[in-house]
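What the coordinates show
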Amino acid sequence: MPLVVLKTSRPMWARLAALVFTCVAFSIAAHGGAINNSMYDWCIFCWAFSFAGTLLVLLVEVMGLQARAPLSWKNFPITFACYATLLCLSASIIFPLYFVKGQVASDEARDLRIVSTVFSCLATIAYFIEVSLTRAQPGEVAGYMATVPGLLKVCETFVACIIFVFISNPVSYDSHSALKWCMAVYCICFVISAAIVIMCVGECTGFLPFPFARFLSAYALLSVIMYLTATIIWPIFKFDSRHSGSSRRPTICENRYDLCWWDKLVAVAVLTALNFLIYLADLVYSARLVFVTV
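Residues numbered from 1 in each chain as written. Predicted model: local features only at pLDDT ≥ 70, side-chain atom pairs only at ≥ 80, totals over all residues. Heavy atoms only, no water.

Going by what an unreviewed UniProt entry lists, the protein chain is known as Myeloid-associated differentiation marker homolog and is assigned to Carassius auratus. The protein chain has a UniProt comment under Subcellular location (unreviewed entry) that states "Membrane". Under Sequence similarities (unreviewed entry), UniProt gives the following word-for-word description of the protein chain: "Belongs to the MAL family." (UniProt positions renumbered as here; feature names shortened; annotations may be inferred.)

Right under this line is the structure:
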């Protein structure tokens, strides 16, 4: 029977704070009344998923079951904390944008939504503090996901998921073969980055028939080149009038409180450039990792 080990630390206090904040956020949002909207469902998922995962991490660490976990405990907690940071951050932006700003609701419902937003922001800060406390320090031996390249992999996959949401609703990549190439870039890089995260958390990198560090460096270089092409191609074929694009926001979008189709095209362009910069930083750190370890 496992013994309960009550060893407090700063990361544990950050997890406890995040646990409380996410619980309050989705509880108050649900108390304010369910909204038939996919963005509302997404925000509830972000808070509930973060709460459940944090509770799992706390239970495993309090009961001292890290050695029995079928995952790499050097990589899993910080990987989850990084994803939870991004999930709560997205909910902190989406929830007030869609359900507070410009919404006609009772004073009580509006107040509850504002409180949910506040606690979502607090949860984001708590998870960010946890990541800052548990990431690898210079000269420290740690799991790959605790290093800067590992955390960047999490950001790469998350940004790609947001791109998929905007690019598929409505579908905006099937009008030209160049745009289909952009979609292929997003998919290929997402799949490989996600596979790297899964292999690190599952401790499967030793099964690769080639050095993992050199693979990371080569993949980062390829991703930078591919995302550079997408960063250039997407704005040309979506905002240049010579390619049936529009550089001005349509008047139909002016009276909307949420994102219209043109706003989503801009979001895809911005997120593509952001992911290019993330992959570029990943390339720099991965190259340093190769030269340090070889």
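Now for the overall build of the protein chain. A tally of helices and strands in the protein chain yields eight helices and zero strands. Ordered by position from N to C terminus, the α and β elements of the protein chain give α-α-α-α-α-α-α-α. For a compact globule of 294 residues, the expected C-alpha radius of gyration is about 19 Å, and the protein chain comes in at 21 Å, within 12% of that figure. By principal-axis analysis of the C-alpha atoms, the protein chain measures approximately 65 × 55 × 30 Å. Counting only residues that meet the buried cut, the protein chain has 46% of its 294 residues in that class. In the protein chain, 76% of the contacts between residues at least 6 apart in sequence involve partners at least 24 apart. (Helix = DSSP H or I, 4+ residues; strand = E, 2+ residues; numbered from the N terminus. Rg over C-alpha atoms; globule rule 2.2 N^0.38 Å. Buried < 20%, exposed > 50% of the residue type's maximum accessible area, 1.4 Å probe, protein only. Contact = heavy atoms within 4.5 Å.)

In contact at an axis separation of 9 Å, helix 5 (residues 148-168) and helix 6 (residues 177-201) are set at 145° when each is read in the N-to-C sense. Between helix 5 and helix 6 lies a crossing whose hand is left-handed. Each of Lys153, Glu156, Thr157, Ala160, Cys161, Ile163, Phe164 and Ile167 in helix 5 lies in contact with helix 6, whose residues at this interface are Met183, Tyr186, Cys187, Phe190, Ser193, Ala194, Ile196 and Val197. Of the residues in the contact of helix 5 with helix 6, the class split is 12 nonpolar, two polar and two charged. (Axes fitted to C-alpha atoms, helices over the stretch in contact; angles between N-to-C directions. Left-handed = near helix turned anticlockwise from the far one by under 90°. Nonpolar A, V, L, I, M, F, W, Y, C, P; charged D, E, K, R; others polar.)

Here we take up the UniProt feature "transmembrane region" (unreviewed entry) in the protein chain. In this numbering, the UniProt entry assigns the feature "transmembrane region" (unreviewed entry) to residues 12-30, 42-64, 76-100, 112-129, 141-166, 178-198, 218-239 and 260-281. In residues 218-239, helix accounts for 100% and strand for 0%; the two terminal C-alpha atoms are 32 Å from one another.

Right, let's get into the environment of Val24. One can find Val24 in helix 1 (residues 10-31). Taking C-alpha positions, Val24 is 9.1 Å from Trp47, a pair spaced 23 residues apart along the chain.

What follows concerns the pattern of salt bridges. Tallied over the entire structure, the rule returns three salt bridges. Two residues, Glu130 and Arg15, come together in a salt bridge whose shortest N-O distance is 2.7 Å. Of this pair, Glu130 sits in helix 4 (residues 107-134) while Arg15 is found in helix 1, placing the two residues 115 residues apart along the sequence. A salt bridge links Asp282 to Lys153, with the nearest nitrogen and oxygen atoms 2.5 Å apart. Of this pair, Asp282 sits in helix 8 (residues 261-293) while Lys153 sits in helix 5, and the two are 129 residues apart along the sequence. Summarising the burial analysis for this pair, Asp282 and Lys153 share the class buried. Overlapping salt bridges, with partners in common, bring together Arg15, Glu61 and Glu130 in one network. (Salt bridge = Lys/Arg side-chain N within 4 Å of Asp/Glu carboxyl O.)

Our focus in this paragraph is the nonpolar core. Core analysis: the largest hydrophobic core is formed by 81 residues, its most contacted members being Trp47, Tyr186, Ile196, Tyr227 and Trp234. Going through the elements one at a time, helix 1, helix 2 (38-62), helix 3 (76-99), helix 4, helix 5, helix 6, helix 7 (212-239) and helix 8 are the ones with two or more residues in this core. The element contributing the most residues to this core is helix 3, with 14 residues. Residue-level mapping places this core at the junction of two domains, with at least three residues from each of domain 1 (1-146) and domain 2 (148-293). (Core = buried A, V, L, I, M, F, W, Y, C linked by side-chain atoms within 4.5 Å. Domains from an automatic or database assignment.)

Looking now at the packing of aromatic side chains. In total, this model carries 20 aromatic pairs according to the counting rule given. Consider the rings of Trp42 and Phe45, whose centres lie 5.7 Å apart with planes at 35°: the pair is tilted. In this pair, Trp42 and Phe45 are both assigned in helix 2, three residues apart and thus about one turn of the helix distant. Between Phe95 and Phe99 the ring centres are 5.3 Å apart and the planes differ by 55°, which places this aromatic pair in the tilted class. With Phe95 and Phe99 both in helix 3, this residue pair falls four residues apart, about one helical turn. When its relative accessible area of 1% is taken as the criterion, Phe95 is described as buried. For Phe99, a relative accessible area of 4% translates into the label buried. Members of the aromatic cluster, connected to one another through ring pairs, are Trp42, Phe45, Phe49, Trp73, Phe76 and Phe80. Above the face of the Trp234 ring, Lys238 is positioned so that its terminal group lies 5.6 Å from the ring centre. (Phe/Tyr/Trp six-rings, centres within 6.5 Å; stacked < 30°, edge-to-face > 60°. Lys NZ or Arg CZ within 6 Å of the ring centre and 35° of its normal.)

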